[in-house]
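# Residue-level structural notes
Each chain is listed here by its residues.
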Amino acid sequence: MTSSDARDVAAGTEPVDSGLRTQHSGLVIGVLALQGDFAEHAAVLRKLGVTPVEVRLPRDLEGLDGLIIPGGESTTITRLLRIYDLLEPLRERVRGGLPTWGTCAGAIVLAREAIGLDQANIGTMDIAVRRNAFGRQVDSFETDLAVAPLGEAPYHAVFIRAPTIEGVGPGVQVLARLEDGTAVAAREGTMVATSFHPELTDDTRFHEYFVELARSEKAR
Ligand code: GLN
């Protein structure tokens, strides 16, 4: 322990957590909280020192630096988006550059083409996704993925009745693929979509990646 550490401890001001807490303080990330596993996303954000805001009404979108659309049931989420008058305000904010990340059902809600969804969605991201693409036999599984922006270490991904990304427009970068080449994570500008659920593992790297995207957009 150095003498300055000793002073901090004596004053009760020693750093409690990693640098992330101070680095990201002041950043406000919304989590769409109509249905699905929004609480799990909020918990990871808190771990990273980011203030999560539960979004249920159009006014909850004010002041956000980013938005996560969680996994759940895309039919229910889109129905509630319509009922709560959130569809149009969300389209505007996402088109306007609000960093937005859809996980699983959230990816279906973001996709320009959502195969198997019979309702209007946000539809701003130039990807085509297929709902429940893995079928009954393998409707849930876990696997290690190489995700280039997260570094060398493999990323353990949890898939639950997941969609696949079947097509991507010219401005879309595929971030991860299964061994057979199926795309399962993508980014287009400030929009990110993952077929899997980073909020259900202890690995916070995907959330850090999104928080960093939101932070750099805010700084622009
Ligand atoms: N199968 C769900 C849907 O179609 C998505 C599942 C999930 O989010 N885990 O919306």
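Nothing here was measured: the structure is a model prediction, and the numbers come from that model.

### Remarks on the overall build of the protein
Looking only at helices and strands, one finds 7 helices and 12 strands in the protein. The proportion of buried residues among the 220 residues of the protein is 40%. In the protein, the share of contacts with a sequence separation of at least 24, taken over all contacts with a separation of at least 6, comes to 64%.

### Considerations on the nonpolar core
Judged by nonpolar contacts, the single largest core of 57 residues is most densely connected at L32, I108, L110, A111, I127, A186 and A193. Look past the residues within four positions of I127 in its chain and what remains in contact with it is A111, R112, I165, G167, V168, V172, A186 and A193.

### Some thoughts on helix α3 (residues 38–47)
Within the span of α3, buried status applies to F38, H41, A42, V44 and L45. Projected onto a plane normal to the axis of α3, the buried residues spread over an arc of 160° and lie on a single side. For α3, the secondary structure elements touched by its buried residues are β1 (28–32), β2 (51–55), β3 (66–69) and α7 (205–219). In the stretch just after α3, G49 is the one whose phi turns positive, near 80°.

### What about the site of the ligand?
Neighbouring the ligand are the residues G71, G72, E73, S74, C104, A105, I108, R131, N132, I160 and R161. Of the residues belonging to the shell around the ligand, the class tally is 4 nonpolar, 4 polar and 3 charged.

### Quick word on helix α5 (residues 87–95)
Within α5, the full set of buried residues consists of L87, L90, R93 and V94. Summarising the axial view, the buried residues of α5 lie within an arc of 130°, below the 170-degree limit, and thus occupy one face. Among the residues trailing α5, G97 stands out with phi positive, at a value near 105°.

### A short note on the pairing of β3
Side chains of β3 alternate between two faces, with G66 and I68 and L67 and I69 buried alike. Pairing of β1 with β3 involves 3 bridges; the strand directions are parallel. From the neighbouring strand, I29 faces β3, where its bridge partner is G66. With 3 bridges connecting them, β3 and strand β4 (residues 100–103) associate as parallel partners. Pairing of I68 across the sheet is with W101, part of β4.

### Structural notes on unusual backbone geometry
Residue D85 is not a glycine yet carries a positive backbone phi of 55°. Looking at the element boundaries, D85 is found in the loop between α4 (74–83) and α5.

### What about the environment of G116?
With respect to the secondary-structure elements, G116 resides in the loop between β5 (111–115) and β6 (125–130). With 16 residues separating them in the primary sequence, G116 and N132 have C-alpha atoms 8.3 Å apart. Look past the residues within four positions of G116 in its chain and what remains in contact with it is R130, R131 and N132.

### Overview of the confidence of the model for the protein
Here the protein shows a mean pLDDT of 91. Residues at 70 or above account for 88%. Segment residues 1–22 is flagged for pLDDT under 50; beyond a separation of four residues in sequence, or across chains, it makes 9 contacts in the model.

### Quick look at the pairing of β4
Side chains T100 and G102 of β4 all project onto a buried face; the interleaved residues W101 and T103 project onto the opposite face, where all are buried too. Where β4 lies against strand β12 (residues 191–194), 4 bridges are found, and the strand directions are parallel. Its bridge partner being in β12, W101 is matched across the sheet by V192.

### Side note on the environment of A43
Looking at the element boundaries, A43 is found in helix α3. In this structure A43 comes out as partly exposed when scored by C-beta crowding, with 13 C-beta atoms within 10 Å. Remark: the alpha-carbon pair of A43 and E199, spanning 156 residues in sequence, is separated by 8.4 Å.

Criteria and thresholds
Residues numbered from 1 in each chain as written. Predicted model: local features only at pLDDT ≥ 70, side-chain atom pairs only at ≥ 80, totals over all residues. Helix = DSSP H or I, 4+ residues; strand = E, 2+ residues; numbered from the N terminus. Buried ≥ 20, exposed ≤ 12 C-beta atoms within 10 Å, placed from the backbone. Contact = placed C-beta atoms within 7 Å. Core = buried A, V, L, I, M, F, W, Y, C linked by C-beta atoms within 7 Å. Arc of directions from axis to C-beta. Near = placed C-beta within 6 Å. Nonpolar A, V, L, I, M, F, W, Y, C, P; charged D, E, K, R; others polar. Pairing = 2+ DSSP bridges. pLDDT = per-residue confidence, 0-100.

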